[in-house]
Amino acid sequence: MQKIEVGILGATGMVGQHFVRFLQNHPWFELKWVGASDRSAGKKYREATSWRLDGVMPEEVADLTVQECKPDHAPRLVFSAMDASVATEIERAFAEAGHIVVSNSKNHRMETDVPLLVPEINPDHLQLIPHQQRLRGWKGQIVTNPNCSTVVLTMALAPLKRFGISKVVVTTMQAISGAGYPGVASMDINANVIPFIGGEEEKMQQETQKILGEFRGDHVEPLAAAVSAHCNRVPVVDGHTMTVSVELSSKPSEQEVIAAFREFRGVPQERGLPSAPAAPVIYMEDRDRPQPRRDACRDRGMAAFIGRLRPCPVFDYKFVALGHNTIRGAAGAAVLNAELLSSEGFLD
Ligand code: NAP
């Protein structure tokens, strides 16, 4: 199969670098184009980028010349990791010019005609695309992936939808890599907890309802569950951990809930998409797991790990969930979205 050429908007930033690494040796996609601001345009990627990830910059990307983020000569499929202050207009310009923009930025996620995808959960929300194109007169399209903590929460909740989710309270312990580079000052985060991440609680609440909502012809009816999020930054490098309490209408047994987590599969698993984990949700029996340092990177960082299911005296059940914030919460999520688009024929 001939590989599909792809580009990255915002390739020099932290998330851009995760895209570069995640796309290395991808069986379907080949990175041919990198874009960034006019501060970087015209330079070789190796000169424009301070490589912050483990290991060395992939050789095949180092010599690419960074381009301005203009649609002109970019490949049809572009991943977006641009600064939120510029993503709205630039992503729109690309979609208007016929590009398929698979965005990691928050800017378009909550627009009613833009799919906010977790391919295991709501692949049917891709049906918003014809509506998006009609409404906006675009030849291209924008699809988005959720915020890095929302994706973990929704992967944990999706198997429980069959029991009727009515209330959710989630408290996060979010890694510092989620704040990008240089992120939170070391004087603030060392041996400390910061009980505020700007805009994060609202994103978790609204995005969760959209992702778990029902597609209704030209829009998504949000899940009618109350979702309350408390978001905290903790001194962990990678991996967002969260404790979750849920109220379920059909009152399943503990065994039924664990079976639901374990049996959960989606379209990416059925179709064997290259970045899909074998099982999207992994239930762990050990009473002190999952833990970010030990578990976040398992399954290439693409699964959600759950443990400590037990009765909740306020709601019905409580448990712990964990996911890799820069892989399943950013670059890996967007690449899986693009694989879903390809398997649905959107890239033909
Ligand atoms: P970052 O390190 O600051 O990178 C920003 C990127 O945007 C750089 O490549 C930068 O290029 C480019 N850029 C800035 N201004 C531009 C312009 N006018 N035109 C074109 N490109 C421009 O930020 P980040 O942490 O990677 O985050 C990128 C996006 O992902 C943000 O929207 C963020 O909210 C989202 N996100 C981040 C994380 C995370 O873990 N950090 C997780 C999920 C989502 P130059 O190098 O040339 O300045």
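Cut-offs used in this document
Residues numbered from 1 in each chain as written. Predicted model: local features only at pLDDT ≥ 70, side-chain atom pairs only at ≥ 80, totals over all residues. Heavy atoms only, no water. Helix = DSSP H or I, 4+ residues; strand = E, 2+ residues; numbered from the N terminus. Rg over C-alpha atoms; globule rule 2.2 N^0.38 Å. Buried < 20%, exposed > 50% of the residue type's maximum accessible area, 1.4 Å probe, protein only. Contact = heavy atoms within 4.5 Å. Areas by Shrake-Rupley, 256 points an atom, 1.4 Å probe, with all protein chains shown as cover. Axes fitted to C-alpha atoms, helices over the stretch in contact; angles between N-to-C directions. Parallel < 35°, antiparallel > 145°, perpendicular 65-115°, else oblique. Left-handed = near helix turned anticlockwise from the far one by under 90°. Nonpolar A, V, L, I, M, F, W, Y, C, P; charged D, E, K, R; others polar. Near = heavy atom within 4 Å. Polar contact = N/O pair within 3.5 Å; in protein donor to acceptor, adjacent residues only side chain to side chain. Phe/Tyr/Trp six-rings, centres within 6.5 Å; stacked < 30°, edge-to-face > 60°. Pairing = 2+ DSSP bridges. Arc of directions from axis to C-beta. Domains from an automatic or database assignment. Buried area = accessible area lost by both parts, 1.4 Å probe. Salt bridge = Lys/Arg side-chain N within 4 Å of Asp/Glu carboxyl O.

K.L.:
Summarise the overall build of the protein; cite the residues concerned and give the values.
P.N.:
Of regular secondary structure, the protein possesses 12 helices and 14 strands. The C-alpha radius of gyration of the protein comes to 19 Å, within 12% of the 20 Å expected for a compact globule of 348 residues. With the principal axes as the frame, the protein shows a C-alpha extent of 60 × 50 × 35 Å. In the protein, which comprises 348 residues, the share counted as buried stands at 56%. Here the analysis covers contacts within the protein between residues at least 6 apart in sequence; of these, 74% occur between residues at least 24 apart. Here the protein has roughly 14800 Å² of accessible surface; of this, 48% comes from carbon and sulfur atoms.

K.L.:
Lay out the packing of helix α1 (residues 14-23) against helix α12 (residues 327-343) with the relevant residues and their values.
P.N.:
Where α1 meets α12, the closest approach of the two axes is 9 Å, and the angle between their N-to-C directions is 55 degrees. Accordingly, the angle class assigned to the pair α1 and α12 is oblique. The handedness of the crossing between α1 and α12 is right-handed. Touching Val15, His18, Phe19, Phe22 and Leu23 of α1 are Ile327, Ala330, Ala331, Gly332, Ala334 and Val335, all from α12. Grouping the constituent residues of the contact of α1 with α12 by class yields 9 nonpolar, 2 polar and no charged.

K.L.:
Go over the site of the ligand, please, and point to the residues and values.
P.N.:
Residues in contact with the ligand amount to 24 residues; listed here are only the nearest, Thr12, Val15, Ser37, Arg39 and Ser40. Thr12 places a polar side-chain atom, nitrogen or oxygen, 2.6 Å from an oxygen atom of the ligand. A total of 910 Å² of accessible area belongs to the ligand in isolation, and the protein chains cover 78% of it. The set of elements that each furnish at least two residues to the shell around the ligand consists of α1 and α4 (84-96). Ranked by residue count, the leading element in the shell around the ligand is α4, at 3 residues. Looking at the shell around the ligand residue by residue, the classes come out as 10 nonpolar, 12 polar and 2 charged.

K.L.:
Give a detailed account of the packing of aromatic side chains, specifying residues and quantitative values.
P.N.:
The description of an aromatic ring pair rests on the distance of the ring centres and on the angle between the ring planes. According to the stated counting rule, one finds 6 aromatic pairs in the structure shown. Seen from their ring centres, Trp28 and Phe29 are 6.3 Å apart, and the 90 degrees between their planes marks the pair as edge-to-face. Using a relative accessible area of 1% as the deciding quantity, one classes Phe29 as buried. On the basis of an interplanar angle of 70 degrees and a centroid distance of 6.4 Å, the ring pair of Trp33 and Phe94 is categorised as edge-to-face. Separated by 61 residues along the polypeptide, Trp33 in strand β2 (residues 29-36) and Phe94 in helix α4 bring together distant segments of the chain. Each member of the pair, Trp33 as well as Phe94, is classed as buried. Through successive ring pairs, a cluster of aromatic residues spans Phe19, Trp28, Phe29 and Phe79.

K.L.:
Any details on the sheet that holds strand β12 (residues 281-284)? Residues and values, ideally.
P.N.:
Ordered by their spatial adjacency, 6 strands build an open sheet running β10-β7-β11-β14-β13-β12, and the pairing between neighbours is mixed. Either end of the sheet is taken by a strand with one partner, and the two such strands are β10 (226-230) and β12. Within this sheet the neighbouring strands show an average axis-to-axis angle of 25 degrees, counted without direction. Contacting β7 (165-173), β10 and β11 (240-248), helix α8 (residues 200-211) runs over the sheet at an angle of about 150 degrees to β10. In the packing of helix α9 (residues 254-263) onto the sheet, contacts are made with β12, β13 (304-311) and β14 (317-323), and the angle to β13 comes to roughly 175 degrees.

K.L.:
Break down helix α5 (residues 128-136) for me, citing the residues and quoting the values.
P.N.:
Since the α-helix packs 3.6 residues into each turn, any two residues three or four apart lie on the same face. Along α5, the residues classified as buried are Leu128, Ile129, His131 and Gln132. Down the axis of α5, the buried side of the element spans an arc of 160 degrees, and every buried residue falls inside it. Elements in contact with the buried residues of α5: β6 (141-144), β8 (214-215), β9 (220-221) and α12. Backbone geometry just downstream of α5 places Gly137 in the positive-phi region, at approximately 70 degrees.

K.L.:
Outline the domain arrangement of the protein, listing residues and values.
P.N.:
One frequent convention defines the size of an interface as the accessible area lost when the parts assemble. We note that the domain assignment places domain 1 (4-147 + 331-343) and domain 2 (148-324) within the protein. Look at where the C-alpha atoms of domain 1 and domain 2 centre, and you get two points 24 Å apart. Carbon and sulfur atoms make up 68% of the surface buried where domain 1 meets domain 2, a total of about 2900 Å² over both sides. Of all residues in domain 1, Glu120, Ile121 and Asn147 bury the most surface against domain 2, accounting for 27% of the area lost on that side. Taken together, the links from domain 1 to domain 2 amount to 1 salt bridge. Of the charged contacts, one joins Glu207 and Arg109 as a salt bridge, the two residues approaching to 2.9 Å between their closest N and O atoms.

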